[in-house]
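# Structural overview for review
Listed here are the chains, written in short residue letters.
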Amino acid sequence: MKKNFFKVFAPVFAPLFALWLVLALAACATDGNPAGGGGDPLPPPAVPGVFAYVTDIDEVIVVNGALKFTASATYDGAPCTFYVTANGALLEAQSPGVYSLDLRKGKNAVSINALGAGFTDKKDYSVDFGAFVIVSNAKNTDTLSNRYDFVASAGYGGAACGFEASLDGEPLSATSGNNYTAVLAVGTHELALRAFSGNMSQVSNYTIRYSDKLPSATSTIEDGKTYKGSRLTFSVEAADGLDEHIGQSGLTVQGDYNSKLTPASHIHSDAAASSYSLKLDSVVAAGGTTPVKGSAYDIQVRITVKDAFGQSVTETYDIKYAHVEIGDPIGHIAFSIEGFTIGLGYIEKPVLVEIAEGRNLAQILQEDILAARGYATGHSGGSSSLDGAYYLANINKSGLLNGNAVDEDLWPFVLASYPAAQRSMPDSAGSLGQFNFCSGSGWMYSANGRFPNYSIGAYYPTDGDVIRLQFTLLLGRDVGGGQVVAGGNSLLTGRAVLEPITMLLAQIESGNLYAADAGAAYDAAVIVVSKWNPQKADVDAAAASLRGAYALS
């Protein structure tokens with residue numbers, strides 16, 4: 001009960017205790033002996049000295065009812081102890097000598113209370129505050145017109161008062177009476193309506209956006225491609241005419257077959273993209289046709305984006321769906337496991353992996369890649385299946401961390417974010433995953449150069465995909481995927497797109513093309529690519545050498 005009592009009444013007692021402490025300290029200062037001396041205490045002077053006060057309380061401009069002022073006090077010319085009260089309550093300083101008071105309507109009493117040589121004094125101030133009224137039809141809005149018309153007037157304490165309007169800090173003149181017109185350039189503008197009387201003022205702010213362009217949307221769907229897998233997973237990036245992101249609420253995504261529309265299922269959205277899943281066999285069935293193995297069907301994916309200006313645009317992707325049965329092969333993906341950030345290079349070099357209808361990337365990773373190569377894993381998400389909630393926590397294999405060390409160019413960035421980070425890790429457990437080296441570490445996957453904003457268990461790869469499992473130390477910022485986890489900018493500069501050379505390396509490795517006369521080009525390419533932040537010129541040269549050595553197009 002005692003704990004709860006003090007928790008409830010502490011806000012009441014705290015100001016009173018602070019006032020008592022100030023008075024007690026002042027008393028102690030006058031009752032003690034002179035510094036360094038002994039003997040009887042000096043008596044307080046019979047006549048008080050001179051108190052003086054410095055404040056700008058009568059001069060500052062009050063904006064939206066907030067009185068911000070400075071205050072100080074002296075006794076016989078020397079700074080002395082003081083405190084400020086407002087409307088009967090102790091007012092705490094925002095910083096030494098600086099105060100802020102939210103005024104109430106009517107008279108507000110402010111006092112500066114001073115203490116010196118055992119004497120007390122105070123200076124009283126009165127601040128009258130009447131209610132402002134700004135009458136206007138202005139509002140936050142998005143417009144397709146370069147003219148914004150509004151009416152506005154103001155009053156203070158029941159009487160007319162001064163008024164001014166401004167756009168982006170530049171004054172606007174009334175066209176007639178209380179009518180105003182703001183001429184807009186394309187972009188975002190701040191409209192301010194200010195009422196004032198004496199040193200009192202109130203400001204109402206509005207955001208006006210003007211666009212003369214239609215919204216747009218792009219997708220990871222490949223226009224014209226033939227998809228054998230029935231599950232199409234993809235991301236959509238949409239923006240209005242001012243390049244402001246448009247999320248799921250402004251998107252309508254559908255599959256069209258025989259003019260019958262089937263909505264796509266939303267997976268996840270973030271500040272960069274919205275992701276969807278579309279079952280192509282269901283789209284065909286909704287169009288009145290039962291899919292037949294070996295047959296191909298023309299499907300149009302329709303993505304409609306609507307902006308806050310009331311405009312909408314529909315982007316279309318024409319694809320073919322070649323129907324196969326569950327478990328049938330649907331092509332190959334290039335896959336690699338990378339420890340570039342910690343000096344391990346390729347943990348598993350790029351290789352072609354066959355994929356089958358109905359299997360998601362978590363199943364392929366867990367069963368066809370990791371388990372097949374002797375890795376044990378720890379994961380969370382799907383309790384009993386490799387489903388859309390799957391998250392790869394760590395991979396485990398003896399000797400996995402042999403020779404690891406955070407890249408020397410990356411290390412300063414890691415330390416700046418995580419001062420307790422480790423430059424290297426012991427290989428005793430042979431485990432690599434989340435929270436190793438620092439708390440921002442873990443596994444991320446990219447698909448065709450993009451980092452999906454959804455689980456690896458929700459991604460259904462298609463023929464020709466390049467999938468890279470990458471170890472990050474900085475929530476993706478060090479591998480190019482920071483926007484997915486933390487919204488951070490990439491640390492990579494001048495970096496090459498690695499997907500084409502990853503596919504080349506996978507084709508060479510899986511096609512058993514490695515030969516003595518060409519092996520040097522392969523080995524050199526691996527060295528170039530498997531660094532943190534490899535540069536475009538170096539990667540382009542390595543890719544050209546590979547194509548020449550192995551006669552690849």
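Residues numbered from 1 in each chain as written. Predicted model: local features only at pLDDT ≥ 70, side-chain atom pairs only at ≥ 80, totals over all residues. Heavy atoms only, no water.

### Brief notes about the packing of helix 7 (residues 519–529) against helix 8 (residues 536–550)
At a minimum axis distance of 9 Å, the contact between helix 7 and helix 8 shows a crossing angle of 160°. Comparing the axis directions of helix 7 and helix 8 gives the class roughly antiparallel. Here helix 7 runs over helix 8; the crossing is left-handed. Facing helix 7, whose interface residues are Gly 519, Ala 521, Tyr 522, Ala 525 and Val 528, helix 8 presents Asp 538, Val 539, Ala 542, Ser 545, Leu 546, Ala 549 and Tyr 550. Along the lines of polarity and charge, the residues of the contact of helix 7 with helix 8 split into 9 nonpolar, 2 polar and 1 charged. (Axes fitted to C-alpha atoms, helices over the stretch in contact; angles between N-to-C directions. Helix = DSSP H or I, 4+ residues; strand = E, 2+ residues; numbered from the N terminus. Parallel < 35°, antiparallel > 145°, perpendicular 65-115°, else oblique. Left-handed = near helix turned anticlockwise from the far one by under 90°. Contact = heavy atoms within 4.5 Å. Nonpolar A, V, L, I, M, F, W, Y, C, P; charged D, E, K, R; others polar.)

### Brief notes about the packing of aromatic side chains
This structure, assessed with the given rule, holds 15 aromatic pairs. Aromatic side chains Phe 132 and Tyr 156 sit 4.3 Å apart centroid to centroid with 40° between the ring planes, which places their arrangement in the tilted category. Placement of Phe 132 in strand 10 (residues 132–136) and of Tyr 156 in strand 12 (residues 147–156) is noted, with a sequence separation of 24 residues between them. A relative accessible area of 8% means that Phe 132 is categorised as buried. (Phe/Tyr/Trp six-rings, centres within 6.5 Å; stacked < 30°, edge-to-face > 60°. Buried < 20%, exposed > 50% of the residue type's maximum accessible area, 1.4 Å probe, protein only.)

### Considering the nonpolar core
Counting residues in each nonpolar core, the largest one holds 49 residues, and the members touching the most others are Phe 335, Leu 432 and Leu 473. Put simply, the parts of the chain that give this core at least two residues each are strand 30 (329–339), strand 31 (345–356), helix 3 (361–370), strand 33 (391–396), helix 4 (411–417), strand 35 (442–447) and strand 36 (466–472). Beyond its immediate sequence surroundings of up to four residues, Leu 473 is in contact with Thr 341, Ile 342, Val 406, Leu 410, Val 414, Tyr 418, Asn 436, Phe 437, Cys 438, Gly 440, Ser 441 and Asp 478. Grouped together as the second largest cluster of nonpolar side chains are 46 residues, Leu 67, Tyr 99, Ala 182 and Ala 195 included. (Core = buried A, V, L, I, M, F, W, Y, C linked by side-chain atoms within 4.5 Å.)

### Describing the environment of Gln 363
Tracing the backbone shows Gln 363 in helix 3. Overall, Gln 363 belongs to the partly exposed group, its relative accessible area being 21%. Separated by 27 residues in the primary sequence, Gln 363 and Tyr 390 have C-alpha atoms spaced 9.7 Å apart. Contact partners of Gln 363, with chain neighbours within four places excluded, come to Gly 358, Asp 368 and Leu 386.

### What to know about the sheet that holds strand 31
Ordered in space as 31-30-36-35, the 4 strands form an open sheet in which the pairing is mixed. If you trace the sheet from one side to the other, it starts and ends with strand 31 and strand 35, each paired once. Between one strand axis and the next, the sheet turns by 20° as a mean value, whatever way the strands run. Where strand 30 and strand 31 come together, 9 bridges link them in antiparallel fashion. Bridge pairing links Gly 339 to Gly 345 in strand 31. (Pairing = 2+ DSSP bridges.)

### Some details on the pairing of strand 31
Of all 12 residues in strand 31, 9 are buried; the element is thus mostly enclosed. Between strand 30 and strand 31, which pair antiparallel and follow one another directly, the connecting turn spans 5 residues, one of which, Gly 343, has a positive phi of 75°.

### A look at the pattern of salt bridges
Evaluated as defined, the whole model comprises 17 salt bridges. When the shortest N-O distance is used, the salt bridge between Lys 107 and Asp 128 registers 3.2 Å. Placement of Lys 107 in strand 8 (residues 106–116) and of Asp 128 in strand 9 (residues 119–129) is noted, with a sequence separation of 21 residues between them. A relative accessible area of 58% means that Lys 107 is categorised as exposed. The exposure class of Asp 128 is partly exposed, given its relative accessible area of 41%. Glu 499 is the partner of Arg 468 in a salt bridge, and the nearest nitrogen-oxygen pair spans 3.0 Å. You can see Arg 468 sitting in strand 36 and its partner Glu 499 sitting in helix 6 (residues 499–510), a full 31 residues away along the chain. (Salt bridge = Lys/Arg side-chain N within 4 Å of Asp/Glu carboxyl O.)

### What to know about the pairing of strand 3 (residues 66–75)
Residues in a regular strand point their side chains to alternate faces of the sheet. Sheet topology places strand 1 (residues 51–55) next to strand 3; 5 bridges connect them, and they run antiparallel. When the sheet's bridge partners are listed, Tyr 53 is paired in strand 3 with Ala 73. Sheet analysis places strand 3 next to strand 7 (residues 98–102), joined by 5 bridges and oriented antiparallel. Bridge pairing in strand 7 links Phe 69 to Tyr 99. Looking at chain direction, strand 3 and strand 4 (residues 78–79) are connected through 2 bridges and run antiparallel. Along strand 4, the bridge assignment pairs Tyr 75 with Ala 78. Counted between consecutive antiparallel strands, the loop separating strand 3 from strand 4 contains 2 residues, among which Asp 76 sits at a positive phi close to 50°.

### A few points about helix 7
Since the α-helix turns once every 3.6 residues, residues separated by three or four places project in the same direction. Considered for burial, the residues of helix 7 that qualify are Gly 519, Ala 521, Tyr 522, Ala 525, Val 526 and Val 529. All buried residues of helix 7 fall inside an arc of 160° around its axis, so they share one side. Exposed side chains of helix 7 directed beyond 90 degrees from the buried face belong to Ala 520 and Ile 527. Each element contacted by the buried residues of helix 7 is listed here: strand 31, helix 6 and helix 8. (Arc of directions from axis to C-beta.)

Function-wise, these values are silent; they only describe arrangement.
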